[in-house]
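# Chain and residue survey
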Amino acid sequence: MLASQNNNNQKMLTTDGIPLKKKLSKALFRSRLRAFGLVTPLLLLISIGFVFPIIVFLTRGVYNDTFEKYMVNLTPILAEWDGKSEPTEDMYEALVLDLVWLKETKNIGKVASRMNRELSGSRSLFTSSARKAKKLEAPFKESLTKVKKKWAKLETWRAMKVTSQSLSPVFLASALDMKYTAEGTIVQKSPERRIHVKLFIRTLEISLVVVIAGLILGYPVAFLLANLPIRISNLLLILVLLPFWTSLLVRTTAWIAMLQGQGVLNDLFVVFGIATDEDRFTLIYNKAGTLISMTHILLPFMILPIYSVMKTIPPSYVRAAKSMGATNWTAFWRIYFPQTIPGIGAGAILVFILAISFYITPALVGGQDGTMISNFIDYHMRKSLNWSLAAAMGGVLLVIILFLYWIYDRVVGIDNMKLG
Amino acid sequence: MTNKSFVKFENVQKSYDGEVLVVKDLNLEIPKGEFLTMLGPSGSGKTTCLMMLAGFETATHGIISLDGNPINNIPPHKRGIGMVFQNYALFPHMTVYENLSFPLEVRKLSKTVREEKIKLALDMVQMREFGNRRPAQLSGGQQQRIALARSLVFEPDLVLMDEPLGALDKQLREHMQYEIKHLHERLGVTVVYVTHDQSEALTMSDRVAVFNDGVIQQLASPPDLYEQPENAFVAQFIGENNKIMAEVVDVKGSVVTAKTSKGNLLKSKKVNCDEVGSKTTLSIRPERIKVGSKGENTSEAKVLELIYIGDHIRCRMLVEGDENFIVKIPNAKKISDLKIGLKTQVSWSTGDCRALDRLV
Ligand SMILES: Nc1ncnc2c1ncn2[C@@H]1O[C@H](COP(=O)(O)OP(=O)(O)OP(=O)(O)O)[C@@H](O)[C@H]1O
Ligand SMILES: [Mg+2]
């Protein structure tokens, strides 16, 4: 008793003399530990099955050691070479040594295709030279150029120098239509080879249009859902959710049936005289097809967050506004609409992020000008097997999304978002 | 003429589903400047009446007029009626100041006029310093005041309030009751107030309309409502009431003689009962009953429970077969005589007992 009175200015102590703060943090620590223990399995699953593979894969975009790993003799010499002067006999000798060894260990294919990415035509250059490398004799510069003239070209050596650097922005640059040179500078590719940036822009554009179209179409539906009598609105809600019960593939193919030249929509146009039988609209295998079907497929993701926010707005606000003399429009625009913004924000960002990485639908109905960046990533993953480029493109996409998310946070505020 | 019936309901009916009448044949005239309260149990149609007056529900039948003009077909925003909602309905995305400014902006008043009026309105509810806060940053009572200020800031002639104090605790509620009453007296606006709290209705109103089942049971000033209930529902709903079921055996002028099930003959004032032979409910207020002595009407009684309140004792008794017969005995010396189980008599004067309709 006495002590506690004397120690008014000092730290608060518990009955057993331990500072209160310490005791509190100890107690909190235990409960935190328990909470952490509960989420550990999930955390492990996410990090092993999700975060870790993504990080590993994304590093491929900036790190590829195929050349360094197999061309052990040449790589250190190339690192010292300035990329401009005539290749020396040393370099040729190292190259032949490596080729011989690659042929013996049957690893020539890996290096050949890696080189081919940098300079087309290198594959056959490497494989055929490797076949003959064992019989070559010094001076290697002469004998090798006799096998293939290309070995004398500076271009070949510069490409090898670029490839020999494991950690390099070569794929990132390529994902952004640029080229990483042997001098370590980055230059733009020639205009006819610039395809990626255009694709990124188109992807953003399609996503944005889908968001806007979804907003225009979805807002009134959400409003109806939130304001109709419960029996009707439940039915409507089921209709909105119905697409979730069918597979994405089915929905997309349904759109093919709807939109194609001899499809339902065009037939209707012909019946109503909007189009003639010979001159039907092309609504599919182009951007229009992608936009129409993506908007439809993503619409529920727009409607539901808006609906769930609208549901929480009591009718008394609008009534109060009207009782104060506001017209229907003023009451809506100044009172109702601002309160639905958190729902709009949530819906928009949800749809945008889903849309930007959309893949099956543009692949099926996109045709030439309706494909998106993810279709390209898929192409490099499965067809060209250029995983490094795929990783670089995925990385760029991720950065774009994070950047937009950041802008969104600055402008609207993430706290302002409400998913339900 | 219009002063006498500033607001007028004529034969108004309302049904939501086409099957049940929620409001049945409502006739009501409210003079200018009156504080009228609609009081009634839950579901009796009070809010519906208010919403019809405000224009958010349409009357299925009948005419509602304001200041002599029928307003059935006038949209709510053109009626110029102020309104306070039960949940206050302060716009959450606007500050207090913007909330008050809203009705003035839609009326296209200039900025200087707006500022002037908002200042006055905030002063009126003593909330001057809170202009920059959001509604969520205010306590319930403060929100209430802002809602009040907002409904008055555009100087409407008529203000409707639907259970505006329902969400407040008892003490704050009583305090706000006085504030609203004083504001009403000062500004002279007509107020239609809805509540299901009878003490609130009695303290605040000039007149109270007691609703039940879509019908106004009685429309009277608070004292009249308490002293002279016109039917058994009102007697039961307003204040505490003892009821004795009986059968009319004789009617002489304004005095009814009725026989209870125990065979006792009791005299009472004729208010709302039928001829000889019909059932009636005799209604007596607990404080008008004497214990232990004979009077104009006397009945046997047995003490069942005594509750000490302070200024009086609540005594629950068995009288005429009713175990919930309440008597309020002023706290005086002789009450120590009362014991649970004591058999005694209760009496009352004929004028204090009212013969009303039969309670179903
Ligand atoms: N929008 C509506 N649709 C259908 N029926 C309704 C609607 N609003 C109210 N009702 C019904 O009308 C009757 C009267 O409702 P009202 O809201 O007027 O009661 P109240 O007297 O205000 O009750 P409370 O004291 O509980 O607020 C109730 O039976 C209610 O179920
Ligand atoms: Mg109500």
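About the criteria used
- Residues numbered from 1 in each chain as written.
- Chains lettered and ligands numbered in written order.
- Predicted model: local features only at pLDDT ≥ 70, side-chain atom pairs only at ≥ 80, totals over all residues.
- Heavy atoms only, no water.
- Helix = DSSP H or I, 4+ residues; strand = E, 2+ residues; numbered from the N terminus.
- Rg over C-alpha atoms; globule rule 2.2 N^0.38 Å.
- Buried < 20%, exposed > 50% of the residue type's maximum accessible area, 1.4 Å probe, protein only.
- Contact = heavy atoms within 4.5 Å.
- Areas by Shrake-Rupley, 256 points an atom, 1.4 Å probe, with all protein chains shown as cover.
- Pairing = 2+ DSSP bridges.
- Axes fitted to C-alpha atoms, helices over the stretch in contact; angles between N-to-C directions.
- Domains from an automatic or database assignment.

### Looking at the overall build of chain A
Assigned secondary structure in chain A consists of 20 helices and two strands. Taking 420 residues into account, the globule formula puts the C-alpha radius of gyration at 22 Å, and chain A, at 32 Å, lies well above it. On the principal axes, the C-alpha backbone points of chain A span a range of 100 × 100 × 35 Å. Counting across all 420 residues of chain A, residues that qualify as buried make up 40%. Contacts in chain A between residues at least 24 apart in sequence constitute 67% of all its contacts with a sequence separation of at least 6. In the form shown here, chain A has an accessible surface area of approximately 23900 Å², with 66% of it arising from carbon and sulfur atoms.

### Some details on the sheet that holds strand β14 (residues 279-284) of chain B
Residues and elements named next belong to chain B. Around the barrel, which closes on itself, the five strands sit in the order β11-β12-β13-β20-β14 with mixed pairing between neighbours. Along the sheet, successive strands turn relative to each other by an average axial angle of 55°, direction set aside. One ladder, built from six bridges, connects strand β11 (residues 242-252) with β14; its direction is antiparallel. Residue pairing for β14: A246 is matched across the bridge by T280.

### Details of the environment of B:F237
Residues and elements named next belong to chain B. With respect to the helices and strands, the residue F237 is situated in helix α8 (residues 232-237). Spatially, the C-alpha atom of F237 lies 15 Å from that of R354, the residues being 117 residues apart in sequence. When neighbours within four sequence positions are excluded, F237 is seen to be in contact with L39, G40, P41, H196, Q198 and V210.

### Digging into the sheet that holds strand β3 (residues 35-39) of chain B
Residue and element names in this part refer to chain B. Strand order in the open sheet made by the six strands is β6-β7-β8-β3-β9-β10, with mixed pairing throughout. A strand with exactly one partner marks an edge of an open sheet, and here the two such strands are β6 (81-84) and β10 (215-220). Averaged over all adjacent pairs, the angle separating strand axes in this sheet is 20°, with direction ignored. The pairing of β6 with strand β7 (residues 158-162) spans four bridges and is classified as parallel. Looking at the pairing, V84 lines up with M161 of β7.

### What to know about the domain arrangement of chain A
You can read the domains of chain A as domain 1 (19-59), domain 2 (66-193) and domain 3 (196-416). Spacing between the C-alpha centres of domain 1 of chain A and domain 2 of chain A amounts to 47 Å.

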